[in-house]
Amino acid sequence: MENASKALIIAGAILLAILIISLGIMIYNQAAGVVNNNAMTEVEVTSFNQKFEQYMGDKVRGANVNSLVNAVKTNNMATDDESEQVTVTGDVQVDKTGKVTGSASTGKTYKVEATTYTTGGLIETISVKANS
């Protein structure tokens with residue numbers, strides 16, 4: 001009788017240990033899922049980049065460059081996440097705070113291209129150069 005009660009106590013302790021370990025693994029997996037959800041999906045990256053890619057090309061009119069500048073400025077002022085802020089360099093410049101330097105002449109054409117991307121694939125820097 002004494003051996004049977006000890007066996008039941010040992011079995012209960014083993015089941016309790018398995019339950020505690022399983023609970024720890026479940027909590028760890030949930031926490032890891034929250035950390036991984038901060039990354040943007042492929043669709044979100046494509047949607048983000050499309051806002052700026054529509055203005056890119058070798059012969060972009062000055063009015064479209066000014067529209068790009070406004071889109072970048074609006075984007076930068078709307079987000080606090082630095083990885084989602086875009087800078088414009090070259091003849092027209094926009095920094096991450098939204099400060100604009102220069103403007104595109106409507107009578108000229110410009111070469112507009114994305115020059116750098118973040119590790120997540122988001123456009124980070126756009127270059128604007130006047131065509132000769």
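Look up: the structure comes first, before these words.
Residues numbered from 1 in each chain as written. Predicted model: local features only at pLDDT ≥ 70, side-chain atom pairs only at ≥ 80, totals over all residues. Heavy atoms only, no water.

### Some words on a nonpolar patch on the surface
A surface patch of nonpolar side chains, amounting to about 410 Å² of accessible area, comprises Ile10, Ile14, Leu15 and Ile18. Its place among the elements puts Ile10 in helix α1 (residues 2-36). (Patch = residues over 30% accessible without salt bridge, like charges linked within 9 Å, V, L, I, M, F, W, Y side chains within 5 Å. Areas by Shrake-Rupley, 256 points an atom, 1.4 Å probe, with all protein chains shown as cover. Salt bridge = Lys/Arg side-chain N within 4 Å of Asp/Glu carboxyl O. Helix = DSSP H or I, 4+ residues; strand = E, 2+ residues; numbered from the N terminus.)

### So, the side chain of Thr79
Among the structural elements, Thr79 can be located in the loop between α3 (62-78) and β2 (87-90). From its side chain, Thr79 meets the backbone nitrogen of Asp81 in a polar contact 3.1 Å long. Not counting residues within four places of it along the chain, the set of residues in contact with Thr79 comprises Glu84 and Gln85. (Polar contact = N/O pair within 3.5 Å; in protein donor to acceptor, adjacent residues only side chain to side chain. Contact = heavy atoms within 4.5 Å.)

### Here's the deal with the packing of helix α2 (residues 42-53) against α3
Following both chains from N to C, one finds α2 and α3 inclined at 145°, their axes separated by 9 Å at the closest point. Residues Phe48, Lys51 and Phe52 of α2 form the contact with α3, whose own contacting residues are Leu68, Ala71, Val72 and Asn75. (Axes fitted to C-alpha atoms, helices over the stretch in contact; angles between N-to-C directions.)

### Thoughts on the nonpolar core
Phe52, Val65, Leu68, Val72, Val112, Ile126 and Val128 are the most contacted members of the largest nonpolar core, which totals 21 residues. When contributions to this core are tallied by element, the ones reaching two or more residues are α2, α3, β5 (109-117) and β6 (123-130). Every residue in contact with Val112, bar those within four places of it in the chain, is listed here: Tyr55, Met56, Gly57, Val60, Val65, Leu68, Ile126, Ser127 and Val128. (Core = buried A, V, L, I, M, F, W, Y, C linked by side-chain atoms within 4.5 Å. Buried < 20%, exposed > 50% of the residue type's maximum accessible area, 1.4 Å probe, protein only.)

### Quick notes on α3
Helix length check: α3 (17 residues) gives 24 Å between terminal C-alpha atoms against 24 Å at 1.5 Å per residue, within 8%. Within the sequence span of α3, burial applies to Gly62, Val65, Leu68, Val69, Val72, Asn75 and Asn76. With its buried residues spanning 135° around the axis, α3 presents them on a single face. Those residues of α3 that are exposed and aimed more than 90 degrees away from the buried face are Thr74, Met77 and Ala78. (Expected span 1.5 Å × (residues − 1). Arc of directions from axis to C-beta.)

### Concerning the pairing of β6
Inspection of the sheet shows β2 paired to β6 by 4 bridges, in the parallel sense. Bridging from a neighbouring strand, Val88 pairs with Ile126 of β6. Taken together, β5 and the strand that follows it, β6, pair antiparallel across an intervening segment of 5 residues, in which Gly121 is found at a positive phi of about 95°. (Pairing = 2+ DSSP bridges.)

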